[in-house]
Amino acid sequence: GSTGGALLFHRVFRNRGVNPMHMPVLVEFGTLTYGCRAHGNQVNVALKPNAVAYGTLPSEAIQTIGPCLEKAFPGLFRCESTLHAGLTNANPVIHPSITLLNAARIEKNTDESMLFYKDGVSPSVAKLIKAIDGERIALARALGYEVMPD
């Protein structure tokens with residue numbers, strides 16, 4: 001999951017009557033471990049982050065599952081909880097800001113010439129992203145977590 005996904009799955013399992021003793025370990029990444037685009041029958045891996053936060057639910061499961069995950073995904077770093085890992089994710093700050101402040105342009109982009117970040121982030125959009133990111137950081141700090149600004 002990402003940004004609350006592990007908490008949501010935990011709630012679903014609990015609401016479906018899964019015995020707490022048989023609850024699966026859930027992992028939350030702060031963002032994608034890679035970014036790619038498909039073009040026809042080819043996939044271009046354009047982004048492979050150097051550092052990705054993650055947490056487990058229950059949090060103590062990180063001691064047993066962590067080494068396996070870190071071997072499969074070099075660059076992972078451990079967080080205290082899935083909530084902490086989710087709060088490292090700035091995507092829920094960035095993407096809605098760009099989308100909302102460019103809604104008309106996106107709707108009229110029939111030739112798909114608009115580049116989401118390059119064309120979508122004006123000084124006004126950047127100002128909004130910075131303000132909302134400040135709220136994300138303040139929330140994390142209020143909960144005792146340190147996160148990086150985007």
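Rules used throughout
Residues numbered from 1 in each chain as written. Predicted model: local features only at pLDDT ≥ 70, side-chain atom pairs only at ≥ 80, totals over all residues. Heavy atoms only, no water. Phe/Tyr/Trp six-rings, centres within 6.5 Å; stacked < 30°, edge-to-face > 60°. Helix = DSSP H or I, 4+ residues; strand = E, 2+ residues; numbered from the N terminus. Buried < 20%, exposed > 50% of the residue type's maximum accessible area, 1.4 Å probe, protein only. Polar contact = N/O pair within 3.5 Å; in protein donor to acceptor, adjacent residues only side chain to side chain. Contact = heavy atoms within 4.5 Å. Salt bridge = Lys/Arg side-chain N within 4 Å of Asp/Glu carboxyl O. Core = buried A, V, L, I, M, F, W, Y, C linked by side-chain atoms within 4.5 Å.

Student: Teacher, can you tell me more about the packing of aromatic side chains here?
Tutor: Pairs of aromatic rings are described using the distance from one ring centre to the other and the angle between the two planes. The full count for this structure, using the stated rule, is four aromatic pairs. With centroids separated by 6.3 Å and ring planes inclined at 50°, the aromatic side chains of Phe 9 and Phe 13 adopt a geometry described as tilted. Of the two residues, Phe 9 and Phe 13 are both situated in helix 1 (residues 5-15); the distance of four residues between them amounts to about one turn of the helix. For Phe 13, a relative accessible area of 26% corresponds to the partly exposed category. Where Phe 29 meets Tyr 54, the ring centres are 6.4 Å apart and the plane angle is 40°; that geometry is what we call tilted. Of this pair, Phe 29 sits in strand 1 (residues 26-29) while Tyr 54 is found in strand 4 (residues 52-57), placing the two residues 25 residues apart along the sequence. Note on accessibility: Phe 29 and Tyr 54 belong to one class, buried. Connected via pairs of aromatic rings, a cluster forms that spans Phe 29, Tyr 54 and Phe 73.

Student: Just to check I follow, could you spell out the side chain of Thr 56 for this structure?
Tutor: Inspection of the secondary structure puts Thr 56 in strand 4. A residue is classified by how much of its surface remains accessible, and Thr 56, at 2% relative accessible area, is buried. In terms of polar contacts, Thr 56 uses its side chain to reach the backbone carbonyl oxygen of Pro 58, at 2.9 Å. Not counting residues within four places of it along the chain, the set of residues in contact with Thr 56 comprises Val 25, Leu 26, Val 27, Ala 61, Ile 62, Ile 65 and Thr 82.

Student: Is there a simple way to think about the pattern of salt bridges in this case?
Tutor: Two side chains of opposite charge can pair, provided their charged atoms sit close to one another. For the structure on display, the rule yields three salt bridges. The partner of Glu 70 in a salt bridge is Arg 78, and the shortest N-O contact between them spans 2.6 Å. With relative accessibility at 34%, the residue Arg 78 sits in the partly exposed group. Across the salt bridge formed by Arg 136 and Asp 133, the nearest N and O atoms sit 2.6 Å from each other. Of this pair, Arg 136 and Asp 133 are both found in helix 7 (residues 123-142), three residues apart, which corresponds to roughly one turn of the helix. In terms of burial, Arg 136 and Asp 133 fall into one category: buried.

Student: Sorry if this is basic, but what is going on with the nonpolar core here?
Tutor: In summary, soluble globular proteins display a tendency toward joint burial of nonpolar side chains. Counting seven residues, the largest nonpolar core is built from Val 27, Phe 29, Val 52, Tyr 54, Ile 62, Leu 69 and Leu 76. Here Ile 62 is in contact with Tyr 54, Gly 55, Thr 56, Pro 67, Arg 78 and Cys 79, once residues within four sequence places are set aside. Ranked by size, the runner-up nonpolar core spans six residues in total, among them Ala 90, Ile 94, Val 125 and Ile 129.

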